[in-house]
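Listed below are the residues making up each chain.
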Amino acid sequence: MPGTALTLLALILTAALALAGYRRSLRTHPYGLCRTCGGGGMTHGVIFTSAWRPCRACGGTGRRLRLGARSR
Ligand SMILES: [Zn+2]
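Residues numbered from 1 in each chain as written. Predicted model: local features only at pLDDT ≥ 70, side-chain atom pairs only at ≥ 80, totals over all residues.

Chemist: Give a description of the overall build of the protein chain that names residues and reports values.
Modeler: A count of helical and extended segments in the protein chain gives one helix and four strands. Counting from the amino terminus, the protein chain carries its helices and strands in the arrangement α-β-β-β-β. Relative to a compact globule of 72 residues, whose C-alpha radius of gyration would be 11 Å, the protein chain shows 20 Å and is clearly more extended. Overall, the protein chain is about 65 × 30 × 15 Å in size when its C-alpha atoms are taken along their principal axes. Of all 72 residues assigned to the protein chain, the portion counted as buried reaches 6%. Considering only contacts within the protein chain whose residues lie at least 6 apart along the sequence, 42% involve residues at least 24 apart. (Helix = DSSP H or I, 4+ residues; strand = E, 2+ residues; numbered from the N terminus. Rg over C-alpha atoms; globule rule 2.2 N^0.38 Å. Buried ≥ 20, exposed ≤ 12 C-beta atoms within 10 Å, placed from the backbone. Contact = placed C-beta atoms within 7 Å.)

Chemist: So, helix H1 (residues 2-28): which residues are in play, and what are the values?
Modeler: The end-to-end C-alpha distance of H1, which contains 27 residues, comes to 39 Å, matching closely the 39 Å that a straight helix rising 1.5 Å per residue would cover. The buried fraction of H1 is low, at zero of 27 residues. (Expected span 1.5 Å × (residues − 1).)

Chemist: How would you summarise the environment of Arg 70 if you had to cite specific residues and measurements?
Modeler: Checked against the element boundaries, Arg 70 lands in the segment after strand E4 (63-65). Residue Arg 70 is classed as exposed on the basis of its 9 C-beta neighbours within 10 Å. For the pair formed by Arg 70 and Leu 19, sequence separation is 51 residues and the distance between their alpha carbons is 16 Å.

Structure representation (structure tokens):
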């Protein structure tokens with residue numbers, strides 16, 4: 001069916017455009033917020049909530065390399 005092929009082509013084009021946009025975004029902003037500490041770079045104690053240590057997931061930087069990005 002020609003309609004099905006056209007739909008498939010539109011889907012592929014949309015996916016390619018989204019991928020190109022994501023790659024461009026990775027170049028300008030390669031980092032995201034650390035999921036463990038939310039970008040704060042530290043995790044707090046449960047009982048003594050003012051006590052903290054550097055986040056183990058990001059090493060205290062609060063940032064996370066996004067999927068497919070290269071560090072600078
Ligand atoms: Zn963290």
